[in-house]
Amino acid sequence: MAQENLFAALRAAFPANLDEIAVETDNGLNYSWRDLDRASAMLANLLQSLGLPKGSRIAVQVEKSVEAMLLYLATLRAGLVFLPLNTAYQSAEIEYFVANAEPAVVVCSSKNFSWVSKIAFKAGTQHVFTLDEDRTGSLLQRAAHHSDRHTTAQNSAQDLAAILYTSGTTGRSKGAMLTHGNMLSNALVLKDYWGWKKGDVLIHALPIFHVHGLFVAIHGALINGSKMIWLSKFEPKRVLAKFAEATVFMGVPTLYVRLLAEPGLSVQSAGHMRLFIAGSAPLLTETFTDWKTRTGHTILERYGMSETVMLTSNPYAADARYGGQKERRAGAVGFPLPGVQLRVQSDDGKAVAQGEIGGLQVKGPNVFSGYWRMPEKTQEEFTADGFFKTGDVGKIDERGYVSIVGRSKDLIISGGYNVYPAEIEGYINDMPGVAESALVGVAHPDFGEVGVAVVIAKSGAHIAPETILANLKSQLANFKIPKRCFVVDELPRNTMGKVQKNLLRAQYKDLFSA
Ligand code: MLC
Ligand code: AMP
């Protein structure tokens, strides 16, 4: 069997001189390529020493650190399955993921050990380790006893490499199963399409529990043997200060909005940079234009999903497939990446005419293999001829550019994080005194879009908006908490009795405008 393990490909791209710096952190640490190799070997040996069966899940909820990235690489290297979890998730959320994924190993921050380990052991997990951002914790202590040499596990392209939880209209999270082949094919395509070259340096300022920070950014740098400037948290001033030493930056639109608020952002300060990439949420034309005016750079917007890694991208250079066009266009997500088929279909499954709006469907080596233990859901989301229904609504113009105009899935994207109204509404509806609720996305100058909850109390009951928000805050990740809550007498409904969210969105559309 050919070796198609993703780590093997990333490792093969390390520079010949392993003493060069691979990662430089904001707290003054330098990791060489040799360090990455040896430390990931030790962690892989530790994981392998546990004697886990093939396909075992390694669930990880830890603060961002280089060691957390090394644990990801070690998991790939050992042929096991990585399951990253947002650090904002609280116990009910973690309980669901752990019960659903049944991980063999859970790694958490030491401050969360007592509650996370309880949940994990209850779900049958055998091993719970801690890992903190200051290079402490039982995981590293245990790994220190293992050899720094390791032979990468043999994997085929179809073997599972990671599970990313993402939600659906029902509000129940689904684990998207990504294979070594999905991720490697995408990393290789992006290396070429975005013109990665020798000497490129990436500023890594995103969280590492989602596709953007974990896969697009990390794979992009490693498969090009490029150094990363590793920021534990996004802080505009720190990012700006690093432009002079870097060439590539990736961010969700909120990061660009916040950087634009920095007086130091200029043609000069961004002069050393080669490429600014944005994605995970719509980039406003205003942000795109302001960025160009202030820095002289045209942001390259691309589009992807947890289920598919990257799907489309504006061109970096002339794209021969599209008549040599190379314009990066505001409001468009570009062309389907090489190898990706993208089509637009109507609700009844028919191809729409050129330029018409419909559901975006995709096929390609990057598209996931299905939802973890949800075969019916998987079947529902694929067409008979094997296209994945993204749930995004868009069109393709006469020049071949794809743009996204909306979503058929009820989803709010806030600062690049997904919030599923059905989940939040479920929690609100369970509160005493609540008859019904609706969560809608409303434009926001910083986060792009935020959730606003509109609630009806039960007859005779009195419930304060602050009580609802406080109650949610005690149970859910902070980014899911609606930014405002209104208790009203009734919700607008259509003749079928269904709540008309479009009317609520229109009613509250200016809530956060300056
Ligand atoms: C933080 N808060 C948010 C929020 N982030 N509210 C709504 N949406 C968000 N995204 C709230 C917190 O709840 C808190 O509220 C307050 O803001 C401050 O929290 P913080 O943690 O200090 O915020 P900050 O560090 O400023 O974080 C903002 C951010 C972060 C934009 C840097 O959200 C972020 O890193 N977003 C990137 C997400 C990402 O990587 N997405 C990629 C998904 S992959 P309070 O009330 O508690 O004070 C994907 C596929 C693809 O979609 O195509 O890439
Ligand atoms: P996730 O489930 O977190 O992977 O989110 C994927 C969703 O983010 C996609 O289905 C899109 O709705 C959205 N998305 C990603 N990139 C873009 C973009 N450039 N423009 C608009 N929406 C985007």
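Residues numbered from 1 in each chain as written. Chains lettered and ligands numbered in written order. Predicted model: local features only at pLDDT ≥ 70, side-chain atom pairs only at ≥ 80, totals over all residues. Heavy atoms only, no water.

1. Things to note about the packing of helix α2 (residues 33-49) against helix α3 (residues 66-77)
- Two numbers describe how α2 lies on α3: the axes approach to 8 Å, and their chain directions differ by 60°. The orientation of α2 with respect to α3, classified from their angle, is oblique. Judged by the sense of rotation from one axis to the other, the crossing of α2 with α3 is right-handed. Judged by residue contacts, L36, D37, A39, S40, A41, L43, A44 and L47 of α2 engage E67, M69, L70, L71, L73, A74, T75 and R77 from α3.
- Of the residues contributing to the contact of α2 with α3, the split by class is 11 nonpolar, 2 polar and 3 charged. (Axes fitted to C-alpha atoms, helices over the stretch in contact; angles between N-to-C directions. Helix = DSSP H or I, 4+ residues; strand = E, 2+ residues; numbered from the N terminus. Parallel < 35°, antiparallel > 145°, perpendicular 65-115°, else oblique. Left-handed = near helix turned anticlockwise from the far one by under 90°. Contact = heavy atoms within 4.5 Å. Nonpolar A, V, L, I, M, F, W, Y, C, P; charged D, E, K, R; others polar.)

2. Notes on the domain arrangement of the protein
- You can read the domains of the protein as domain 1 (33-154) and domain 2 (411-508).
- Placing a centre on the C-alpha atoms of domain 1 and another on those of domain 2 gives a separation of 35 Å.
- Across the contact, 6 residues belong to domain 1 and 11 residues belong to domain 2.
- Contact between domain 1 and domain 2 buries roughly 550 Å² in total, counting both sides, with carbon and sulfur atoms accounting for 44%.
- Linking domain 1 with domain 2 are 1 salt bridge.
- In this structure, K480 engages E93 in a salt bridge whose closest nitrogen and oxygen atoms are separated by 2.5 Å.
- Linking domain 1 with domain 2 are 4 residue pairs in polar contact (both at pLDDT 80 or more), by the criterion used here.
- Taken together, the residues that form the side of domain 1 that touches domain 2 break down as 3 nonpolar, 2 polar and 1 charged. (Domains from an automatic or database assignment. Buried area = accessible area lost by both parts, 1.4 Å probe. Salt bridge = Lys/Arg side-chain N within 4 Å of Asp/Glu carboxyl O. Polar contact = N/O pair within 3.5 Å; in protein donor to acceptor, adjacent residues only side chain to side chain.)

3. With respect to the packing of aromatic side chains
- Applying the stated criterion across every chain yields a total of 23 aromatic pairs.
- With a centroid separation of 4.4 Å and an interplanar angle of 45°, the aromatic rings of F335 and Y401 are classed as tilted. With F335 in strand β15 (residues 335-336) and Y401 in the loop between β18 (388-396) and β19 (402-407), this pair connects stretches of sequence that are 66 residues apart.
- Residue class for F335 comes out buried when judged on its relative accessible area of 0%.
- Residue Y401 is classed as buried on the basis of its relative accessible area, which comes to 2%.
- Members of the aromatic cluster, connected to one another through ring pairs, are F243, F249, Y256, F276 and W291.
- The ring of W230 carries the charged tip of K64 above its face, separated from the ring centre by 4.8 Å. (Phe/Tyr/Trp six-rings, centres within 6.5 Å; stacked < 30°, edge-to-face > 60°. Buried < 20%, exposed > 50% of the residue type's maximum accessible area, 1.4 Å probe, protein only. Lys NZ or Arg CZ within 6 Å of the ring centre and 35° of its normal.)

4. A word on the sheet that holds β19
- Strand order in this open sheet of 4 strands is β16-β17-β18-β19, and the pairing throughout is antiparallel. Edge positions in the sheet fall to β16 (341-345) and β19, since each of these pairs with one other strand and no more. Averaged over neighbouring strand pairs, the angle between their axes works out to 50° when direction is ignored.
- In this sheet, β19 lies alongside β18 in antiparallel orientation, the contact comprising 5 bridges. (Pairing = 2+ DSSP bridges.)

5. Comments concerning the nonpolar core
- The biggest cluster of nonpolar side chains holds 115 residues, and the ones touching the most others in it are L36, W194, F215, F243 and F249.
- Element by element, the count of residues in this core is highest for α3, at 9 residues.
- If we ignore the near neighbours within four places in the chain, the residues touching W194 are V216, M250, R274, L275, I277, L300, R302, S313 and Y316.
- Among the nonpolar cores identified, the runner-up in size contains 40 residues, and L83, Y165, Y427 and L439 belong to it. (Core = buried A, V, L, I, M, F, W, Y, C linked by side-chain atoms within 4.5 Å.)

6. Details of the pairing of strand β14 (residues 309-313)
- Summarising burial for β14: 5 of the 5 residues are buried, a large majority.
- Linking two consecutive strands that pair antiparallel, namely strand β13 (residues 300-305) and β14, is a turn of 3 residues.
- Direction of pairing for β14 relative to β15: antiparallel, over a ladder of 2 bridges. Bridge assignment links T312 to a residue of β15, and that residue is P336.

7. Let's talk about the pairing of strand β6 (residues 127-130)
- Looking at chain direction, strand β5 (residues 105-108) and β6 are connected through 4 bridges and run parallel. By the bridge assignment for β6, V107 is matched with F129.
- At this point the chain moves from β5, through helix α5 (residues 113-122), to the parallel β6, and the crossover so formed is right-handed. (Right-handed = clockwise from strand over helix to strand, strands pointing away.)

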